[in-house]
There are 2 protein chains.
Amino acid sequence: MYKLEEQVGYILRLASQRHATVFNKHSELGLTPTQFSALVRVAEMGNCSQNLLGRRTAMDVATIKGVVTRLKAKGFVELGADPEDKRRTVVSLTKTGREVIKQLHKFGAMVTDETLAPLSGEERKVFLEMLKRLT
Amino acid sequence: MYKLEEQVGYILRLASQRHATVFNKHSELGLTPTQFSALVRVAEMGNCSQNLLGRRTAMDVATIKGVVTRLKAKGFVELGADPEDKRRTVVSLTKTGREVIKQLHKFGAMVTDETLAPLSGEERKVFLEMLKRLT
DNA sequence: CAGAATTCATGTGTATACTAACAAATATTA
DNA sequence: TAATATTTGTTAGTATACACATGAATTCTG
């Protein structure tokens, strides 16, 4: 007997939904999970072309473009030209972006913690290790 | 130090992406994972209102509407009126829909198997049990 | 060095996914 | 029963997410 509830794709979707709910419940800066990832990555990389940022956050070119556009509209990143390569758009943090990074890290840790709340400390380790292997 | 790669939301996104890739690689009927879930659920429930189908597949009203529309366009489901409640749209399988269900079950099991391939048999059990608790 | 291949960014089209607002039908309750 | 509340379905708006096509710039290669 085939049970939808036992299929990894279906359960992954439900878990992602719950994570998004937890994220949005606490999000004060109006960021989405995707925007959050991109912003944290920009901070980590300093300057970075838009396409490279997409690769480093697992977003295709069309997706990262939209994300960067919205992060710019919200004032967290700014775009510039790359003097060494005229094809590139360089993404970097604004002053506001630099100011919120620490807060974002704290926020991200909280979201992860609340999402994993149903698991014990040891279970979380095991779970994350296995989840990583599925990527 | 905050590592994006250690955050459950980020890894969930990557795992979902890989699952979608596996699903699409094998999908011959042109179904998406979401459409697949809804179709399997319709088969399981027999007749079912559109909104109820959405709840039973964890899709909100706007999403399930689009999914049902596309399943209808592909000829797998048909829509009818509910004589007992004029608000309702009843969703049911077409002949084609009934014919492909067994095939879908086999397909779904294969996708789950390939997605979980990096885990051993015992690990899969443990992993799915923990993943369910996060929903 | 010149042609070919690749990379970067953009745009279009399709498919989730959720919010909010709305109208119609049904159910509840005062 | 009449007023209220809920349910159902639709629509509009925003945000991922991916495939594909295009053009410009750069790199590779013969």
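Residues numbered from 1 in each chain as written. Chains lettered and ligands numbered in written order. Predicted model: local features only at pLDDT ≥ 70, side-chain atom pairs only at ≥ 80, totals over all residues. Heavy atoms only, no water.

**Notes on the relation of the copies chain B and chain A**
Operational definition: When the copies are superposed, the least-squares fit takes in the C-alpha atoms of residues with a pLDDT of at least 70 in both. The contact definition used throughout considers only heavy atoms, calling two residues in contact when any of these lie within 4.5 Å.
Least-squares fitting of chain B to chain A yields an RMSD of 0.0 Å, with the transformation described by 0.0 Å of translation along the axis and a rotation of 180°. In the structure described here, the two chain copies are related by an operation that fits a two-fold rotation axis. Residues of chain B ranked by C-alpha distance from the rotation axis are headed by Phe127(B), positioned 3.2 Å from it. In this assembly, 100% of the residues forming the interface of chain B have copies in chain A that are likewise at the interface, indicating an isologous arrangement.

**Here's the deal with the protein's contact with DNA strand D**
Heads up, the rule is: To be near a molecule or strand, a residue needs just one of its heavy atoms within 4 Å of it. Pairs of N or O atoms are called polar contacts if they sit within 3.5 Å, as long as, within protein, a hydrogen donor faces a hydrogen acceptor (for residues adjacent in sequence, only side-chain-to-side-chain pairs). Secondary structure elements follow DSSP: runs of H or I of four or more residues count as helices, runs of E of two or more count as strands, with numbering from the N terminus. Put simply, Ala, Val, Leu, Ile, Met, Phe, Trp, Tyr, Cys and Pro go in the nonpolar bin, Asp, Glu, Lys and Arg in the charged bin, and everything else, Gly too, in the polar bin.
Taken together, 23 residues lie around DNA strand D, and Thr32(A), Arg70(A), Asn51(B), Arg87(B) and Thr89(B) are the ones closest in. For DNA strand D, a phosphate oxygen lies 2.9 Å from a polar atom in the side chain of Gln35(A). Among the elements of the structure, α2 (33-45) and α4 (61-73) of chain A together with α1 (8-26), α3 (50-56) and α4 (61-73) of chain B are those that each provide at least two residues to the surface near DNA strand D. With 4 residues, the single largest contributor to the surface near DNA strand D is α4(A). Class assignment of the residues belonging to the surface near DNA strand D gives a composition of 4 nonpolar, 9 polar and 10 charged.

**With respect to the packing of helix α2 (residues 33-45) of chain B against helix α5 (residues 95-115) of chain B**
Residue and element names in this part refer to chain B. Quick reminder of the rule: Where helices are involved, their axes are fitted lines through C-alpha atoms of the stretch in contact, as for all axes, and angles between N-to-C directions lie from 0 to 180°. Convention used here: angles under 35 degrees read as roughly parallel, angles over 145 as roughly antiparallel, angles from 65 to 115 as roughly perpendicular, and any remaining angle as oblique. By convention the crossing between two helices is left-handed if the near helix lies anticlockwise of the far one by an angle smaller than a right angle, and right-handed if it lies clockwise.
In the contact formed by α2 and α5, the axes pass within 11 Å of each other and the chain directions differ by 130°. By the angle between their axes, α2 is oblique relative to α5. Crossing angle aside, the handedness with which α2 passes α5 is left-handed. Where α2 approaches α5, its residues Phe 36, Leu 39, Val 40 and Ala 43 are matched on the opposing element by Ile 101, Leu 104, His 105, Phe 107 and Gly 108.

**Looking at the environment of Arg133(B)**
Our working definition: Throughout this description, buried means an accessible area under 20% of the type-specific maximum (1.4 Å probe, protein chains only), exposed means over 50%, and partly exposed covers the range between.
With respect to the helices and strands, the residue Arg133(B) is situated in helix α6 (residues 121-133). For Arg133(B), a relative accessible area of 30% gives the class partly exposed.

**Things to note about the pairing of strand β3 (residues 89-93) of chain A**
The side chains of a regular strand alternate between the sheet's two faces. All names here are of chain A. Inclusion rule: Strand pairing is assigned whenever DSSP detects at least two bridges linking the two strands.
With 4 of its 5 residues buried, β3 lies for the most part within the structure. Judged from the 2 bridges that link them, strand β1 (residues 48-49) and β3 form a sheet pairing that is antiparallel. Bridge pairing links Cys 48 to Val 91 in β3.

**Considerations on the sheet that holds strand β2 (residues 77-81) of chain A**
Sheets are built from strands that pair by backbone hydrogen bonding, the pairs being arranged parallel or antiparallel. All names here are of chain A. What the 3 strands build is an open sheet, ordered β1-β3-β2; its pairing is antiparallel. Strand pairing shows two members of the sheet lacking a second neighbour, β1 and β2, which therefore form its edges. Here β2 runs beside β3; their pairing, made up of 5 bridges, is antiparallel. Note on β3: the bridge partner recorded for Leu 79 is Val 91. Each of β2 and β3 touches α4; the most contacted strand, β2, lies at about 115° to it.

**Observations concerning the pattern of salt bridges**
What counts is decided by this rule: The rule for a salt bridge is simple: a side-chain nitrogen of Lys or Arg has to be within 4 Å of a carboxyl oxygen of Asp or Glu.
The tally for this structure, following the rule as stated, stands at 24 salt bridges over all chains. Across the pair Lys132(A) and Glu6(B) runs a salt bridge whose closest N-O atoms are separated by 2.9 Å. Note that Lys132(A) is positioned in helix α6 (residues 121-133) and Glu6(B) in the segment before α1, a pairing that runs across two chains. For the salt bridge of Asp113(B) with Arg124(B), the shortest nitrogen-to-oxygen distance reads 2.8 Å. Here the residue Asp113(B) occupies a position in helix α5, and Arg124(B) occupies one in helix α6, the gap between them amounting to 11 residues. The class of Asp113(B) is partly exposed, set by a relative accessible area of 44%. Salt bridges here are not isolated pairs; linked through shared partners, they connect Glu5(A), Arg41(B), Glu44(B) and Arg56(B).

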